[in-house]
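# Understanding the architecture of this molecule
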Amino acid sequence: MDSSESDYSENFGKVHGILMYKDFLKYWDDVETFQAREDDVLIVTYPRSGTTWVSEIVDMIYKEGDDKKCREDAIFNRIPFLECRKEDALNGVKQLKLMASPRLVKTHLPPELLPVSFWEKNCKIIYVCRNAKDVAVSFYYFFKMVPVHPDPGTFSEFVEKFMNGLVPYGSWYKHAKSWWEKKNNSRMLFLYYEDLKEDIRKEVIKLIQFLGRKSSKELVDKIIQHTSFQEMKNNPSTNYTMLPDEMMNQKICSFIRKGISGDWKNHFTVALNEKFDVHYEQEMKGSTLKLRTEI
Ligand code: A3P
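In this report, we go over the structure that sits alongside the text.

Thresholds, definitions, all that
- Residues numbered from 1 in each chain as written.
- Predicted model: local features only at pLDDT ≥ 70, side-chain atom pairs only at ≥ 80, totals over all residues.
- Heavy atoms only, no water.
- Near = heavy atom within 4 Å.
- Polar contact = N/O pair within 3.5 Å; in protein donor to acceptor, adjacent residues only side chain to side chain.
- Areas by Shrake-Rupley, 256 points an atom, 1.4 Å probe, with all protein chains shown as cover.
- 1 Å grid on protein atoms, 1.4 Å probe; cavity = no way out; pocket = protein on both sides within 12 Å on 5 of 7 lines; lining within 4 Å.
- Sits in = over half its atoms within 2 Å of the grid points.
- Helix = DSSP H or I, 4+ residues; strand = E, 2+ residues; numbered from the N terminus.
- Nonpolar A, V, L, I, M, F, W, Y, C, P; charged D, E, K, R; others polar.
- Salt bridge = Lys/Arg side-chain N within 4 Å of Asp/Glu carboxyl O.
- Buried < 20%, exposed > 50% of the residue type's maximum accessible area, 1.4 Å probe, protein only.
- Arc of directions from axis to C-beta.
- Contact = heavy atoms within 4.5 Å.
- Core = buried A, V, L, I, M, F, W, Y, C linked by side-chain atoms within 4.5 Å.
- Points joined across faces, edges and corners; volume = space filled by probe spheres on them.
- Pairing = 2+ DSSP bridges.
- Axes fitted to C-alpha atoms, helices over the stretch in contact; angles between N-to-C directions.

With that settled, the discussion passes to the site of the ligand. Taken together, the neighbourhood of the ligand is formed by 18 residues, with Thr 51, Thr 52, Ser 138, Lys 258 and Gly 259 sitting nearest. Arg 130 is positioned with one of its side-chain polar atoms (N or O) 3.0 Å from an oxygen atom of the ligand. The backbone of Thr 227 places a nitrogen or oxygen atom 3.0 Å from a nitrogen atom of the ligand. Contact with the protein chains removes 98% of the 570 Å² of surface that the ligand exposes when unbound. Applying the majority rule of atoms within 2 Å of the grid points places the ligand in the largest pocket. Of all the secondary-structure elements, those providing two or more residues to the shell around the ligand are helix H3 (51–62) and helix H14 (229–234). For the shell around the ligand, the element with the highest residue contribution is H3, accounting for three residues. Residues that form the shell around the ligand fall into these classes: six nonpolar, eight polar and four charged.

If you want it as structure tokens, here you go:
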């Protein structure tokens, strides 16, 4: 079977109808029964939407602009990935259990799969949304570099899967729309990757205020400097080079890859773009969520 025919079902399992990494599913009970703490802060995204960028900004806020402290450990240890579970390596639930409060938690889960204790404890949630076209491009390269994924085939073959939600975490449209519906909750901050690209200072200040911390020009300057694309690309504690090639092969492509808005224009043909736009309209009909595909 070539990659255009496969539905990836051999490579991934499903949880409540959503495609998910098989390794993660083996211990899904641990995720469902996870015990949140009141002062946990969740950073939620659909994959490839700027999770790492915002995570580093939030950790810098928590560490009061001390970049040396942030550099002390890899980002996947400082901000554990809740549902991530490998046999003998990363285990988000275990890492979080052992962690002192306040904890920063990364997840890609849609709201319906989020452990209920996060709702019960009324935890603060930061959702970062990125336009679907750039997410599809970034996810395509992620498939190529992370060996747990099947061969994504050509870009247009991959986009077809993406449009049909046949990728881990399922439909981008459902994910974005259902988190958008939660945006009026005062414990939630809804951010856009495109806004971060356009005016990072404004978004950093928004984050500082949301987290109830004191803002100063010095703090904001330090955060902007430390979390710039180039800094994060060169920083071993943020660029995932601490992971072995078997888990993430950065010889194929860097985890922190291009960091721009509008790279989709270099990948979508006119025909694919037209098809995508029609499908997008259908999927997003009735939603007030509006994203910019260029800035
Ligand atoms: P590209 O593949 O388009 O370059 P996530 O952390 O959710 O996996 O998202 C990864 C995407 O965020 C990648 O997008 C990556 O390059 C981009 N990114 C990471 N750090 C960034 C930064 N400091 N500034 C801008 N983009 C960044």
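Before going further, it helps to spend a moment on the pattern of salt bridges. Side chains that carry opposite charge are capable of pairing whenever their charged atoms lie near each other. Taken as a whole and assessed by the stated rule, the structure comprises 21 salt bridges. For Asp 221, the salt bridge is made with Lys 217, and the minimal N-O distance between the two is 2.7 Å. Of this pair, Asp 221 and Lys 217 both sit in helix H13 (residues 217–226), four residues apart, roughly one helical turn. Taken together, the shared-partner salt bridges in this structure form one network comprising Glu 56, Asp 59, Lys 63 and Arg 78.

Every α-helix carries 3.6 residues per turn, so stepping three or four residues along brings you back to the same face. Listed in full, the buried residues belonging to helix H12 (residues 200–210) are Ile 200, Glu 203, Val 204, Leu 207, Ile 208 and Phe 210. Projected down its long axis, H12 shows its buried positions confined to an angular sector of 165 degrees, all on one face. Exposed and facing more than 90 degrees away from the buried side of H12 are Lys 202 and Gln 209. The elements touched by buried residues of H12 are H3, strand E5 (124–129), strand E6 (188–192), helix H11 (193–198) and H13. The positive-phi residue at the C-terminal boundary of H12 is Gly 212, with phi of around 70 degrees.

Of all hydrophobic cores here, the largest spans 101 residues; its most connected members are Ile 126, Phe 162 and Trp 172. Among the elements that line this core, the one with the most residues is helix H8 (residues 132–145), at nine residues.

Turning our eyes to something else, we now look at the layout of surface pockets. Looking at the largest pocket, its volume works out to about 910 Å³. Considering the residues around the largest pocket, the lining is formed by 45 residues, among which Arg 48, Thr 52, Phe 142, Tyr 240 and Phe 255 are closest to the centre. Counting residues per element, the ones that place at least two in the lining of the largest pocket are helix H1 (22–25), H3, H8, H11 and H14. Split into classes, the residues belonging to the lining of the largest pocket amount to 25 nonpolar, eleven polar and nine charged. In this structure, the second largest pocket occupies an estimated 240 Å³ of space. Together, 18 residues line the second largest pocket, and Gly 17, Ile 18, Gly 170, Ser 171 and Lys 174 are the ones closest to its centre. In terms of residues, the lining of the second largest pocket owes the most to one element, helix H10 (residues 172–180), which gives four residues. Classifying every residue of the lining of the second largest pocket gives seven nonpolar, seven polar and four charged.

Read from one edge of the open sheet, four strands run E4-E3-E5-E6, paired in parallel fashion. Edge positions in the open sheet fall to strand E4 (104–107) and E6, since each of these has one partner strand only. Along the sheet, successive strands turn relative to each other by an average axial angle of 20 degrees, direction set aside. In this sheet, E4 lies alongside strand E3 (residues 41–45) in parallel orientation, the contact comprising four bridges. Of the residues in E4, the one forming a bridge with Ile 43 is Lys 106. Helix-sheet contacts for H10 involve E3, E5 and E6, and the interaxial angle to E5 is about 140 degrees.

Of note, the bond from Ser 101 into Pro 102 is cis; its omega dihedral lies within 30 degrees of zero at -5 degrees. Here Pro 102 is to be found in the loop between helix H6 (92–97) and E4. A positive phi angle, close to 45 degrees, is found at His 16, a residue other than glycine. Among the secondary structure elements, His 16 is positioned in the loop between strand E1 (12–15) and strand E2 (18–21). Classification of His 16 as exposed rests on a relative accessible area of 61%.

For Asn 239, the location among the structural elements is in the loop between H14 and helix H15 (270–284). At 2.5 Å, the side chain of Asn 239 and the side chain of Thr 241 are in polar contact. Dropping the residues within four chain positions of it, Asn 239 is found in contact with Met 232, Lys 233, Asn 234, Gln 250, Phe 255 and Ile 256.

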